[in-house]
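Letter by letter, the chains look like this.
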Amino acid sequence: KHLTSMIMNKFSLIKAKSILNSIFLPVGYPKTVPQEYFRFQCWNLLQDSCSYLRGIMSTQAILQGMGVGRSDITAVQATIQWILRDGASMLGGLLFTSISSDNFGQNV
């Protein structure tokens, strides 16, 4: 019974690794990618994780700044402030894109 359990655990581990590889790695890895691909992806994962955490912390700070959690601030007031913040962000993005879009094709 112990041997069967060990074999099943090993099979499950191999199956899980295969599934994760098929999800996260390109077809034919490592033969189909440059040698530095894995190192790049490690740094890319770190950068993405930091960006995600920064977004969480920023959202928390924004919500606290809008008064979420305070008894004297209503949900409507917080929602209006959120919409204004998102609107300003969208307009800023559009302005940036319209100013610098001529350089995108040349410098990439």
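Anything mentioned here points back to the structure above.
Caption draft 1: Main features of the layout of surface pockets. The calculated volume of the largest pocket comes to roughly 230 Å³. Take the lining of the largest pocket: its biggest share by element is seven residues, from helix α2 (residues 37–65). Looking at the lining of the largest pocket residue by residue, the class counts come to six nonpolar, two polar and one charged.

Caption draft 2: Just unusual backbone geometry, in detail. Pro 30 follows Tyr 29 through a cis peptide bond whose omega is 10°. Relative to the assigned elements, Pro 30 resides in the loop between α1 (2–24) and α2.

Caption draft 3: Here's a closer look at the environment of Ile 62. Here Ile 62 shows up in helix α2. In this structure Ile 62 comes out as partly exposed when scored by relative accessible area, which is 26%. Linking Ile 62 and Pro 34, residues 28 residues apart in sequence, is a C-alpha distance of 41 Å. Contact partners of Ile 62, with chain neighbours within four places excluded, come to Trp 82 and Arg 85.

Caption draft 4: Up close: the packing of aromatic side chains. Inspection of every chain in the model, using the stated rule, returns one aromatic pair. With centroids separated by 5.9 Å and ring planes inclined at 55°, the aromatic side chains of Tyr 29 and Tyr 37 adopt a geometry described as tilted.

Caption draft 5: Expanded view of the pattern of salt bridges. Applying the stated criterion across every chain, the model contains one salt bridge. The closest approach of N and O atoms between Arg 85 and Asp 86, which form a salt bridge, is 2.6 Å.

Caption draft 6: Spatial organisation of α1. Here α1 is 23 residues long and its end C-alpha atoms lie 33 Å apart, about the 33 Å a rise of 1.5 Å per residue gives. α1 sits mainly on the outside: zero of its 23 residues count as buried.

Caption draft 7: How the structure looks around the state of the cysteines. One pass over the structure, following the stated rule, counts zero disulfides. In this model Cys 42 remains outside any disulfide bridge; the closest cysteine sulfur is found in Cys 50, 14 Å from its own. Judged by relative accessible area, which is 46%, Cys 50 ranks as partly exposed.

About the cut-offs
Residues numbered from 1 in each chain as written. Predicted model: local features only at pLDDT ≥ 70, side-chain atom pairs only at ≥ 80, totals over all residues. Heavy atoms only, no water. 1 Å grid on protein atoms, 1.4 Å probe; cavity = no way out; pocket = protein on both sides within 12 Å on 5 of 7 lines; lining within 4 Å. Points joined across faces, edges and corners; volume = space filled by probe spheres on them. Helix = DSSP H or I, 4+ residues; strand = E, 2+ residues; numbered from the N terminus. Nonpolar A, V, L, I, M, F, W, Y, C, P; charged D, E, K, R; others polar. Buried < 20%, exposed > 50% of the residue type's maximum accessible area, 1.4 Å probe, protein only. Contact = heavy atoms within 4.5 Å. Phe/Tyr/Trp six-rings, centres within 6.5 Å; stacked < 30°, edge-to-face > 60°. Salt bridge = Lys/Arg side-chain N within 4 Å of Asp/Glu carboxyl O. Expected span 1.5 Å × (residues − 1). Disulfide = S-S within 2.5 Å.

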